[in-house]
Each structure stands twice: as structure tokens, then as C-alpha cells.
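So the chains spell out like this:
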Amino acid sequence: MILPAAGLVSLAVGRSPKVACLTGAAGVLLGGGVVLFQSLRVLISGVPERLRLEWAVPFGSANMEMDALSAVFALVIALVTMLAAVYGCGYLQADAGRKNLGVSWFFFNLLAASMLTVVLARNGVLFLVSWELMSLSSFFLVTRDDDKESVRRAGWIYLVAMHLGTAFLMALFLLLGKNAGSLDFDQFSTAAAPSGVLFVLAVIGFGTKAGFMPMHVWLPEAHPAAPSHVSAVMSGVMIKTGIYGLLRMLTILGPPPAWWGWTFLAIGTVSGILGVLYALSQHDLKRLLAYSSVENIGIIAMGLGVGCLGISHGNPAMAALGLTGCLLHVVNHSVFKSLLFLGAGSVLHAAGTGELDRLGGLSKHMPVTSATFLVGAAAISGLPPLNGFLGEFLIYLGAVGGLGSQPQDTPAWPLMCVLVVGGLALIGGLAAACFTSAFGIAFLGEPRTDEAARAHEAGATMRWPMIVLAGLCVLIGLTAPLWLSVLEPAVAAIIPNHLREAATASTSQAVAPLTGVVLGSGILLGLVGLLVYVRRKLLAGRCVERSVTWGCGYAAPTPRMQYTASSFTRPLTFLFRLFLRPRDEIHPPRGLFPTDARLHTAAPDLFRRRVYEPAFLGMAWMASRLRWLQQGRIQVYVLYIALTILALLIWKLG
Amino acid sequence: MSILASIAHVLLALLLAPLLPGIINRVKAWFAGRHGQPLLQAYYDLWKLVHRGAVYSKTTTWVFVAGPIVELACAATALLIVPLGGIPGLLAFPGDFLLMAYLFGLMRFFTILAALDTGSSFEGMGASREAFFSALAEPALLVGLASLTVLSDSLSLGPMYSAVTWTAMASVGGPALLLVATAVLIVFLTENARIPVDDPNTHLELTMIHEVMVLDHGGPDFAMIQYGALLKLWVLGALLVGILVPVRSGFWPIDLAAGVAGMLVLAVLVGVIESLIARLRLVRVPQFLVAASVLSILALILVMRQP
């Protein structure tokens, strides 16, 4: 039996490098390779692998298992971290003399190992320890450029958010393990507290990590601050551990009542729509990508919601389609989001800025980066024939298919369909607007600054991971029906026993629609090939010239007159100003010979500004009111201790 | 037999799509008291463009060249999916309406990118508005089609439209179907750049949406864009005609003839609309589109309330 933990061992070995990236990346590749192989084997054979070791920590045991659900997540974690590690080799070269790369690689390895342990752990203590390790190692990766004030602030917000989330998880695990007297997952019982309370704890705890909408504030801060290959890992796979946690809890907490499904659906719709709206209003490429992760987590949560509603209303097709869509989108989002972050990293590397309105015309200098970024942008907008369409397609099918079988006691049933279909359609349209803007403004047109004009293509170690990921986007898109059978055991693990057989049957019924989609995509690609040929034949031997862009008669255009990302998205951000509350600073031109005119637009996060900042300021104020307790004199503290003991004695004996 | 009918529909659509703008223009000319351009003008234009060379801006890249190709391929693939009344699409499977809607999404994606590739601020402006309006039109179309799935208890366009019969119209589904038809009409006008959302004949680049995005294309590329747009007009028109002309005789030549006649009447209708209504101010267009979504949602609720 090859242990999944073999990955960890090799990862730990790879922690020694001081300067060379080689050992660090080799550690990740070796460990990741083993895990990749292992999780594929589990997914194909369907036989879970187990490992149980004793551990001296109270209630702890190194109890690990790789079942189908874990294998799906382990697969994407291993894949993305491996590619990100290769990319990191090239990306970190720029810092070679400036920073200690060994530290960076140590934490990268630690992050990879802890993420894998999180999805494999079957013991509460082991889970929480690796969860915490994951948060801490990524915190140190985020704050690598700690000479910048913004990075330190981002790291701080990240650290606080993660620990608040973990606090809820601790409460959750303690409640689950209270009756059993053990923190092993298979011993957990839900008797200690109403399962609704446990569910809320799980949603807040895991949702903070995943980036559900009210708890997402750390995401747009931490992801742009981290080095790009780390952002790719964090956004691509680390936030998915939150989704994994929720799915795992669904298997433990028992069949979900309907309101859990509605909760997921509401969270998903809100995160999806507001996430993409905030993404639209960003000027910085990496911040835009971070908000788009909130959007995609929203889509995943919508799938989860459809699945849960299917389970609670005894509709196996809805359950199977919703959950399969959710898991497929997890896989797909890992692929294209890490691709986009790596692309953003190459842009940052080449032009020195991720500010969209200072870029432009990059595709002439960076053909590989721009082509792969275009694939990622089309995929994340959910367009066929790429992979992003598939997950959304299954969620749509689940919702529309479930519409016909309205449960007697649910008059709000059409709302489910309106939320999913209307929400997904709106998200799709807005995401297309967002990513045409990101790609079109940064990569197409004329360079807006000298830095953008001098940009250069990334090195081979940075190019190949992007090519592989873009290839995967196409490959998954064209092998859609195959993925149903790969994900089927993982979905079956979440669905309760009485629905499982029917759900498996409806999963196999979904093969026909997906085959249809693939057929349609095939026809599309065939037609594209045909038209390329026709166009070449038509233009052969004819006069094909190069000239300037038609400027409607204007003779002296400059690159600065091009449409910018801010102007491109302005109509949408203006329409949704109620939710975005954009802040504009306008200094219009004045007088006959205007000299100075400026316009600055920004959309700071509403939740951060209106909810968290007041809340934390309030807490700081309350804490400052208690400052008189802290005299700094030992005698006073001894008095406190004595009083406490006295009070306890009176309470216990009295 | 049904495959034969579907093939006949696809061929007729490929052949007749350029006739629709001719009819629209003739109706508009009649309203304005002009003689108007020839009925077959779009055919002449396409023929001329196909035989031209091309000029490319130095700013553009391969994305600009790929745009027209992908656009036409998307529209043609969508044509294979769409049914015309009782005639099912060639490519039919549960959820095919989603693939069709998203193919138009891909088409738009490349139109916008090709426009941004020129670096022209006029084309950027058009691209921005296209992205804006289409994002709001998408929910109306998909929610509207979702209510058809309930009515027919099927997830494929063919059976969905076969269920729209006179009896369905007269009994349970009538009001809901009319609401869906209105919503689809709004989407049809928006997506095909017609008045009251966009004016294909305006003389200022600043005021155009779709036409301004393709300013820099010429020759065979522009022919592909034009033909793609015509096919899109046909496909979205077929979605509307399928509801408004519920002829389901079971004998396919009759159904097909009724559908094609419906398409021609639809072109007349568009001409009438364009002659009678002025273009909306840009800030009013979102309200128009949100109204379409509301109509679709109402239709869905109505359909769900049926016993």
C-alpha cells in the first residue's frame, strides 16, 4: 500500500534549500506526483486508502483516509501546486539576490503538505492543526514583500479573518466530538447540539476560508499581495478546502433540511453577483481575479444549494446534478483561476504593474501568455467549448429539471429556478464583460505606457505551466461525459443512502446532455477550421494591406485616447451603484485653457467599509474602556487571581 | 422524417436569412414614403464583400482575424440547435437551449475582443455597451425558456416548442406564453441591434453599438460578420416565431412553410416597430431589459401555478 503520506515525507525533505529553488520545487513535484498518482488510482478503482497511526496529542490520532471525495480535492491540489511550483522557479528568479528564497520555498512546501493533510485528515485535532498550518504558511507567503505597507495590512486582515473562521471550526468539532469522547470523524455524533447550530458554525467557519460573500473581505486583500504562483495556489485550490469542509460536514451532519439548501443558494447568488460586480469595478488585474474567485465560489455554492434542495425534497436528479456541477466547477475553477493568476504574474513580471489602465498591447510581445490568458478568460466566463461551461450547465440542468416537481409545501419553489437560472445567466454575462475588459484592455490595442511597450515574454518555466493549464481547459471541455463517471463516487458519498441508487441512475442520464454539448463543441471547432481554410483561400492572391485603425477622421490619435477598463465597465458599475457605492473624485477641466483635469474612480469593499471596520473599531473602543484593569502591577494581578479562585470555590462548594 | 425536415430548415435558413433585412428595410422605406433599397441588397453586399481584399490595422493581432471566424461558426452551430415551430433542431439533447444561449455568449465575447483589438475608442465604446446590454438580456431569455420547459416537461428545445400548440395557447399556457413571447421579442431586438436599443442605420459612430464594433473589418472578414449576424437574427427570430405561430400539423412541409412565413412576417413586424418607435436613450435601455426579465419571471410563476 502506497501511503498518501509519502507526499508529506518528501515535502518535508524539500525544506532545506537556502537559495536554489531546485530542491523546493522538486519536493513539491515529487510529493505532488505521488499524490496525483494515488488520487487517480482511488478515483478509478473506487477503493479508499486508509492510514491510522497513534499520536501522543490528546484526542488526536494521525487518522487519514483517501476516499473519492478527498481524492477529487487532492487531485486538484497536487496538480495546481505542482504547476505553480514550476512557475515559481521562474517567477522567483527576479528576487534571487534580494530575498531568502529558501524561506519562501519552505512555506510553499508546508502549504502544499498542509492542504493535502486537510483533505485527508479524519481526526478533528489533525484537521485543525493542518488547517492552522495551512493558514499560517500561506500568511507567511502573503507577507513575503513585507517591506510594503499594503502587504503588511493585507497579511494582518488575512490572519484575523482566518483565526475568526478557525474559532468557529473549533466550536464545531468540540460539539461534534462531545458525546463520542473522540475527535475521529467516524465517531462524530450530532447529539450534542441541534444540527442547525452545527450547520451555521460550519458555514461561517468554512465559508470564511472559501470566501462566501459576507466573509470574503480577506480575499481581495491577500491574493493580490501574495507572489503570483502563491495566489494561484491560494485562489485555485486553498479556498476550495472550505468547500471540501462543507461537503465533508454534509456527510457527517446527516440529510440536510430544506433551509440549508436555501441558505447555500442565497449565499451563492449573493456571492456570485456581487463578486463579479466588484471584479468589474477593479482596476488591478490581481484584485479583479480575487473578486472573481468570490464569484466562482458563489457558483459552487449555488450548485451545493441545488444539490441540498434535491436531497431534502427527495429529488435524486436535482441532487446528483447540483452536486456534480458543484464538484466539476471546483475542478474547473482550480484550473482556469490558477492559469489566470499565473498569467497575471507574467504581466506583473514583464510590465511591472497589474494596473489595467497602464497596460495595453501586451499580446504582441507576450504571445504565449496572451493566448493562454484568453483561454482562461473564455473559460471563466463559462463559454463553450471550454471547461467553465460544464459545471454551470449541470447546475442549470439540475435547477430547471427540478422545477417541474414542485414539493407540496414549498410555494417559493419557482424562486429556486429564478435564483439559479437568472443568477447564473446574469453572472455569466457580467463575467464576460469583466474578462473581455481585463483581456482586451491589458493585452490588445496599443500600449498605454512605456513599461507596457517594453514588456517581454516570460521564461520557459513560466510559460509551460500556463500552456498545460490552458490545454487542460480545452481537454476537460471536450471530454465532459468522462468527468461524470470520475466524480460519481464522490457525489454518491454525499448523497444519503435512500437516494443514492436513484442519484447514480440520474448521473448516468446526464451523459446524454454532456455528449450533446461535446458534439456541439466539436461542430463549432470543425466550422472554425473550415472557415479559417475558406478565408485563406479567399484572400490568397488578393491585396491584403496593413494600415492604421480608422479613427473616424481624427488625425492625431494617441494610445491614451483608447477606451480604458474603467470606462469600459462604467455603464455596469453605474447601473449597480446601489451595491457598489463607487467613490469618484472628479476634477473637470475648467476655464478656456484648462490645464489640470483628473478623474479617479474606486470601488472599495462595501462590507469592509460598512460592517467590519465599524465592528472592529467598536471592539477596540470597548477594549480600551477595560484598560483600567491592566495596571501593570503584580500585586493587582495576584489580587485578581485570588478573587477568581475565591469566586470559583464559592460557586463550586456553595 | 424529422431529420429531413430539420435539414430542410437549416438549408432554408442559410438561404433566406439575408432576405430578412431586405424586408425590414422595405417596410421602413414604405413607412417613410421612400422607394428603398432592393429586397436582395444583403445578398449583393455579401457577394461584393466576399470578392474583396482586406486592410488590417497595424494595431490588430490574430484576435482581430479570429473574431469573424468564431462569430460565424457560433451562429451556424446555434442554427443547428434551434427548432422552427414544430421542426426540431438537428442537434437536440436535454439542455440544448443553454448551449445555444452560451454560443451567442462566445460570439459576443469575440466581437468585443476584436473591437478592443483595434485600439479605437469608438469601438471600445461600442464594445462596452454591447457587454452591458447583453449581460442584462441573458437572464430574460433563459428564465423565459425555463418556463417553456415546465410547460412541456422537457429540457430540449424541440419538444419544448412542439408543446406550444393552439390548445396549449387556448387553455393553460396562453397568458404565460404571451409574456414569454414579449420577453423574447425584447431580447431579439436587443441582441440583433435593432431599434429601440440600437440603430443599425445611424450616421454617427458615437451612437452605434453593434455597427461601430465592426468598423475596422472589411472584405471576407466583414462578410462573415454580416452573415453571422443574419443567422443570429434568424435563430433568435425562430425562438419567437415558434411561440407566436403555433402551427403543429404533424406534416412537416406545412409546419416548415408556416415557420418560414412566420419569419417573413416577423421581419415585417420589425420594420413596423422600427418605423413607429424612436430609439431609447441609453440610460433607459437597462429598464427595458429588466422589464423583459420581470416578464419572464412572471411567466415562470404563472406556469408553476397551473394545476
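Residue numbers run consecutively from 1 along every chain, following the written order of its sequence. Note on labels: chains are lettered from A, ligands numbered from 1, in written order. Owing to the predicted nature of the model, reporting of local features is limited to residues with pLDDT of at least 70; listing and counting of side-chain atom pairs is limited to 80 or more, with chain, interface and lining totals taken over all residues. Excluded from the side-chain calculations are hydrogens and water; all other atoms, namely the structure's heavy atoms, are used.

Attention shifts here to the overall build of chain B. When helices and strands are tallied, chain B shows 13 helices and one strand. A helix here means a DSSP run of H or I that spans at least four residues, while a strand means a run of E at least two residues long, and both kinds are numbered starting from the N terminus. When the helices and strands of chain B are read in sequence order from the N terminus, they spell out α-α-α-β-α-α-α-α-α-α-α-α-α-α. Our radius of gyration is a C-alpha quantity, and the globule rule it is checked against amounts to 2.2 Å times the number of residues to the power 0.38. Against the compact-globule benchmark of 19 Å for 307 residues, chain B has a radius of gyration of 19 Å, which places it among compact chains. Principal-axis analysis of the C-alpha atoms places the extent of chain B at approximately 60 × 45 × 40 Å. Only protein chains enter the accessibility calculation, which uses a 1.4 Å probe; a residue whose area is less than 20% of its type maximum is buried, one above 50% is exposed, and one in between is partly exposed. Looking at the 307 residues of chain B, the share that counts as buried comes to 65%. Per-residue and other accessible areas were derived by the Shrake-Rupley procedure at a 1.4 Å probe size, with only the shown protein chains allowed to occlude residues. Put simply, chain B shows about 10,500 Å² of open surface, and 70% of that area lies on carbon and sulfur atoms.

Per the secondary structure count, chain A includes 25 helices and five strands. When its C-alpha atoms are laid out on the principal axes, chain A stretches across 100 × 65 × 55 Å. Taken over 654 residues, chain A has a buried fraction of 58%. What makes two residues a contact is simply this: any of their non-hydrogen atoms within 4.5 Å. When contacts within chain A are restricted to residue pairs at least 6 apart in sequence, long-range pairs at least 24 apart make up 79% of them. Carbon and sulfur atoms form 68% of the exposed surface of chain A, whose accessible area is close to 25,500 Å². In this count, Lys and Arg are taken as positive residues and Asp and Glu as negative ones, while His and the chain termini are left out. By convention, the point assigned to a charge is CZ for Arg, NZ for Lys, CD for Glu and CG for Asp. Between the mean site of the 44 positive side-chain charges and the mean site of the 31 negative ones, chain A shows a separation of 3 Å.

Here we come to the interface of chain B and chain A. Listed by partner, the interface residues are 72 residues for chain B and 76 residues for chain A. Of the roughly 6,300 Å² buried between chain B and chain A on both sides combined, carbon and sulfur atoms contribute 77%. Joining two parts hides part of their accessible area as seen by a 1.4 Å probe, and the buried area is that hidden amount summed over both. Of all residues in chain B, Y102, F109 and M304 of chain B bury the most surface against chain A, accounting for 11% of the area lost on that side. For this document, the term salt bridge refers to a Lys or Arg side-chain nitrogen within 4 Å of an Asp or Glu carboxyl oxygen. Our count for the contact surface shared by chain B and chain A stands at one salt bridge. Throughout this description, a polar contact denotes any pair of N or O atoms lying within 3.5 Å of each other; where both atoms belong to protein, one of them has to be capable of donating a hydrogen while the other can accept it, and for residues adjacent in sequence the pair is counted only when both atoms sit in side chains. Where chain B meets chain A, there are 18 residue pairs in polar contact (both at pLDDT 80 or more).

Here we come to the packing of aromatic side chains. What characterises a pair of aromatic rings is the spacing of the ring centres plus the angle enclosed by the ring planes. Residues and elements named next belong to chain A. Each Phe, Tyr or Trp ring, with Trp reduced to its six-membered ring, pairs with another whose centre is within 6.5 Å; inter-plane angles below 30 degrees give stacked pairs, above 60 give edge-to-face pairs, and intermediate values give tilted ones. Summed over all chains, the structure comprises 30 aromatic pairs over all chains. Summarising the aromatic geometry, the rings of F107 and F140 are spaced 4.8 Å apart at their centres and angled 20° between planes, so their arrangement reads as stacked. Remark: F140 occurs in helix α5 (residues 124–142) and F107 occurs in helix α4 (residues 101–120); sequence separation between them is 33 residues. In this structure F107 comes out as buried when scored by relative accessible area, which is 16%. Each ring, one from F439 and one from F443, has its centre 5.1 Å from the other, and the planes form 20°; the classification is stacked. With F439 and F443 both in helix α16 (residues 413–443) and four residues apart, this pair spans about one turn of that helix. Considered together, F439 and F443 belong to a single accessibility category, that of buried residues. As a reminder, the over-ring test applies to NZ of lysine and CZ of arginine, requiring each to be within 6 Å of the ring centre and within 35 degrees of the ring normal. Against the face of W131 rests K209, its NZ or CZ located 5.5 Å from the ring centre. A cation over an aromatic ring shows up here: K652 above the ring of W651, its NZ or CZ 5.5 Å from the ring centre.

With that settled, the discussion passes to the packing of helix α13 (residues 316–351) of chain A against helix α20 (residues 497–509) of chain A. Residues and elements named next belong to chain A. Orientation is described by axes fitted as lines to C-alpha atoms, over the contacting stretch for helices, and by angles from 0 to 180 degrees between their N-to-C directions. Interaxial distance between α13 and α20 falls to 8 Å at its minimum, and their mutual angle equals 65°. In terms of crossing hand, the pair formed by α13 and α20 is right-handed. Contacts from P316, A317 and A320 of α13 reach α20 at L499, A502, A503, S506 and T507. Class assignment for the residues of the contact of α13 with α20 results in six nonpolar, two polar and no charged. When the near helix sits turned anticlockwise from the far one by under a right angle, the crossing is termed left-handed; a clockwise turn instead gives a right-handed crossing. Throughout, the ten residues Ala, Val, Leu, Ile, Met, Phe, Trp, Tyr, Cys and Pro are labelled nonpolar, Asp, Glu, Lys and Arg are labelled charged, and all others, Gly among them, are labelled polar.

So, on to helix α4 (residues 62–81) of chain B. The end-to-end C-alpha separation of α4 of chain B is 29 Å, in line with the 28 Å expected for 20 residues at 1.5 Å each. By the criterion of burial, α4 of chain B is predominantly enclosed, with 18 of the 20 residues buried. Take the number of residues in a helix, subtract one, and multiply by 1.5 Å to get its expected span.

What follows covers the pattern of salt bridges. All names here are of chain A. Applying the stated rule across the entire model yields 16 salt bridges over all chains. Where R608 meets E613, a salt bridge forms, and the shortest distance between an N and an O atom there is 3.6 Å. Residues joined by salt bridges that share partners form a network here, namely R153, E221, R287, R608 and E613.

With that settled, the discussion passes to the nonpolar core. Buried Ala, Val, Leu, Ile, Met, Phe, Trp, Tyr and Cys residues that are joined via side-chain atoms within 4.5 Å together make up what is termed a nonpolar core. Of all hydrophobic cores here, the largest spans 332 residues; its most connected members are F73, F127, F212, W218 and L247 of chain A. Ranked by the residues each element gives to this core, the list is headed by α16 of chain A, at 21 residues. If we skip the residues at most four places from it in the chain, F127 of chain A touches V118, A121, F173, F185, F206 and Y244 of chain A. Among the nonpolar cores identified, the runner-up in size contains five residues, and A54, Y56, F64 and A114 of chain B belong to it.

Looking now at the state of the cysteines. What we call a disulfide is simply a covalent bond connecting the sulfur atoms of a pair of cysteines. Residues and elements named next belong to chain A. Whenever a pair of cysteine sulfur atoms sits within 2.5 Å, that pair is classed as a disulfide. Throughout the structure, instances matching the rule amount to zero disulfides over all chains. No disulfide involves C417; its sulfur sits 18 Å from that of C308, the nearest cysteine. Classification of C417 as buried rests on a relative accessible area of 1%. You can see C434 has no disulfide; the closest cysteine sulfur is in C473, sitting 16 Å from it.

A separate point is the confidence of the model for chain A. Residues and elements named next belong to chain A. In the predicted model, chain A carries a mean pLDDT of 87, and 95% of its residues have values of at least 70. Highest mean pLDDT in chain A belongs to helix α14 (residues 367–380) (95); lowest belongs to helix α1 (residues 6–13) (48). Each residue gets a pLDDT score, which is the predictor's confidence in that residue and runs from 0 to 100. pLDDT under 50 marks residues 1–7. Its contacts with residues more than four places away, or in other chains, come to 17 contacts. Confidence over residues 13–18 falls short of pLDDT 50; this stretch has 10 contacts with residues more than four positions distant or in other chains.

This brings us to helix α21 (residues 511–539) of chain A. Residue and element names in this part refer to chain A. When the terminal C-alpha atoms of α21 are compared, their 42 Å separation across 29 residues agrees well with the 42 Å that a helix rising 1.5 Å per residue should span. Restricting attention to buried positions, one finds in α21 the residues P513, L514, G516, V517, V518, G520, S521, L524, V528, L531, R535 and L539. Backbone geometry just after α21 places G541 at a positive phi near 80°.

Assignment of secondary structure puts H587 of chain A in strand β4 (residues 583–587). Setting aside anything within four residues of it in sequence, one finds H587 of chain A in contact with D596, A597 and R598 of chain A.

Residues and elements named next belong to chain B. Within the secondary structure, L14 sits in helix α1 (residues 2–16). Judged by its relative accessible area of 31%, L14 is partly exposed. Placed 217 residues apart in sequence, L14 and L231 show a C-alpha to C-alpha distance of 7.2 Å. L14 has contacts with L79, Y227 and L231, leaving out every residue within four places of it along the chain.

Residue and element names in this part refer to chain A. With respect to the helices and strands, S370 occurs in helix α14. In this structure S370 comes out as buried when scored by relative accessible area, which is 1%. Discounting chain neighbours no more than four positions away, the residues touching S370 are S363, F439 and F443.

Of note, the amide linkage connecting P384 of chain A to P385 of chain A takes the cis form, showing an omega dihedral of 5°. Relative to the helices and strands, P385 of chain A resides in the loop between α14 and α15 (388–403). With omega at 10°, the peptide bond leading from I195 of chain B into P196 of chain B counts as cis. Mapping P196 of chain B onto the fold places it in the loop between α9 (174–191) and α10 (210–213). A positive phi angle, near 45°, is found at R581 of chain A, a position not held by glycine. Structurally, R581 of chain A can be placed in the loop between α23 (577–580) and β4. With relative accessibility at 35%, the residue R581 of chain A sits in the partly exposed group. With a phi close to 55°, D153 of chain B is a non-glycine residue in the positive phi region. Mapped onto the secondary structure, D153 of chain B falls in the loop between α6 (121–152) and α7 (157–162).

Residue and element names in this part refer to chain B. Positionally, D198 belongs in the loop between α9 and α10. At 3.2 Å, the side chain of D198 forms a polar contact with the backbone nitrogen of I209. Setting aside anything within four residues of it in sequence, one finds D198 in contact with A193, T207, M208, I209, H210 and R279.

This paragraph deals with the packing of α16 of chain A against helix α22 (residues 565–575) of chain A. Residue and element names in this part refer to chain A. As a packed pair, α16 and α22 sit with axes 9 Å apart at the nearest point and diverge in direction by 165°. The angle between α16 and α22 falls in the class roughly antiparallel. For the pair α16 and α22, the crossing hand works out as right-handed. Touching L430, A433, T436, S437 and I441 of α16 are A565, F568, T569 and L572, all from α22. Of the residues assigned to the contact of α16 with α22, the class counts are six nonpolar, three polar and no charged. Reported orientations rely on four angle classes, namely roughly parallel under 35 degrees, roughly antiparallel over 145, roughly perpendicular from 65 to 115, and oblique for the rest.

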